[in-house]
Amino acid sequence: MTRSFIVSASVMDASLAVPELARPVIAAAEQAGLDLLMLGRAIDRPFDAQVIAAWAAPLTSRTGIVATVPATNAHPFHVARALSAVDYLAGGLSGWSVVSEGGEPGMAADMVRAARALWDGWGADTLVIDKDSGLYLHPDQVIRPNYRGPFFDTAGPVNAMRPLQGQPVLVLDEAEGVGIDDADIVLVDAPGSPAQGSRRLLKVGAGSDLDLAALTAAFEAGEIDGVHFILLEQAAALPAAIGAIGSLLSNRPGAKPAASGTLRERLGLAIPPSASTQSKPTHVPEYLA
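Residues numbered from 1 in each chain as written. Predicted model: local features only at pLDDT ≥ 70, side-chain atom pairs only at ≥ 80, totals over all residues. Heavy atoms only, no water.

Draft legend 1. Main features of the overall build of the protein chain. Each helix and strand counted, the protein chain has seven helices and 12 strands in total. Its C-alpha atoms give the protein chain a radius of gyration of 19 Å, within 12% of the compact-globule value 19 Å for 289 residues. If one aligns the C-alpha atoms of the protein chain with their principal axes, the spans along those axes are about 55 × 45 × 40 Å. Burial analysis of the protein chain (289 residues in total) assigns 52% to the buried set. Relative to all contacts within the protein chain whose residues are 6 or more apart in sequence, the contacts with residues 24 or more apart total 73%. Distance between charge centroids for the protein chain: 5 Å, based on 20 positive and 31 negative side chains. (Helix = DSSP H or I, 4+ residues; strand = E, 2+ residues; numbered from the N terminus. Rg over C-alpha atoms; globule rule 2.2 N^0.38 Å. Buried < 20%, exposed > 50% of the residue type's maximum accessible area, 1.4 Å probe, protein only. Contact = heavy atoms within 4.5 Å. Lys, Arg positive; Asp, Glu negative; His and termini not counted. Charge placed at Lys NZ, Arg CZ, Asp CG, Glu CD.)

Structure (structure tokens):
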């Protein structure tokens, strides 16, 4: 598979909770060709990103919407249930980012493991919903994760369908130190960072001058897989800022991600090797403290 160069951005103005202000931002991301638009980030999360993601998800056809979720005031069961619905609304173009937000060390990682276990309680072909045969699901394929972690316990199974992507794309910021080493995407501070993840995006501050030659060299060396812009503009100014990103990277160093498919398929990300990839699950990720 040709390696693609990923372009991402995060926005965090509180007024994005107003649809009239948020709609042009979502439209600008789609038109500029952003691969990911992250709602909120660590220490800057002035709205409930899961709610806004549910509203924004049907508005894009290529840009993935990533909701930033705090580990301190959300429970994995509710997060897994909500993000499963968002993934359907988005046609498989959703992601999530877990932040500690002042929580104890290990709490954010515990949330990730618990939510993954809940999503993996459903195999890809467990739910049938066949009115003609009267078969709703294969009950023998529904797994109760019974996750027990240091911060969260969940009995499961989650009462929501398995996300279209198996699991929404997980995006972590290396500065958060979440402690999960198999994230789909990690936002890194410098090329060559040892942060573990399937893809590494270099964080670029608002107003920074891009050195495209240096970006190209880092990409070709395998040090980064793209860039992530941290946009601090107010909502009214965000469409122009996002449009500038598209202009800057109209000739991105590598290939563009695939034009169709789920977010995982477009970015070349595999479904994690867990129960969700199996038609008849035989393995359940489980953690016992």
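Still more to cover.
Draft legend 2. Structural context of the sheet that holds strand β1 (residues 6–11). A barrel is described by the order of its strands in space; here eight strands give the closed sequence β1-β2-β3-β4-β9-β10-β11-β12, paired in parallel fashion. Pairwise comparison of adjacent strand axes, ignoring direction, gives a mean angle of 25 degrees for this sheet. Direction of pairing for strand β11 (residues 197–204) relative to strand β12 (residues 226–230): parallel, over a ladder of four bridges. Bridging across to β12, L202 finds its partner in V227. (Pairing = 2+ DSSP bridges. Axes fitted to C-alpha atoms, helices over the stretch in contact; angles between N-to-C directions.)

Draft legend 3. Geometry of helix α2 (residues 49–56). Of all the positions in α2, only A49, Q50, I52, A53 and A56 are classed as buried. Each buried residue of α2 sits inside an arc of 165 degrees when the element is viewed along its axis, so together they form one side. Against α1 (19–32), β2 (36–39), β3 (64–70) and α3 (76–89) lie the buried residues of α2. Its side-chain oxygen placed 3.1 Å from the backbone nitrogen of Q50, D48 serves as the N-cap of α2. (Arc of directions from axis to C-beta. Polar contact = N/O pair within 3.5 Å; in protein donor to acceptor, adjacent residues only side chain to side chain.)

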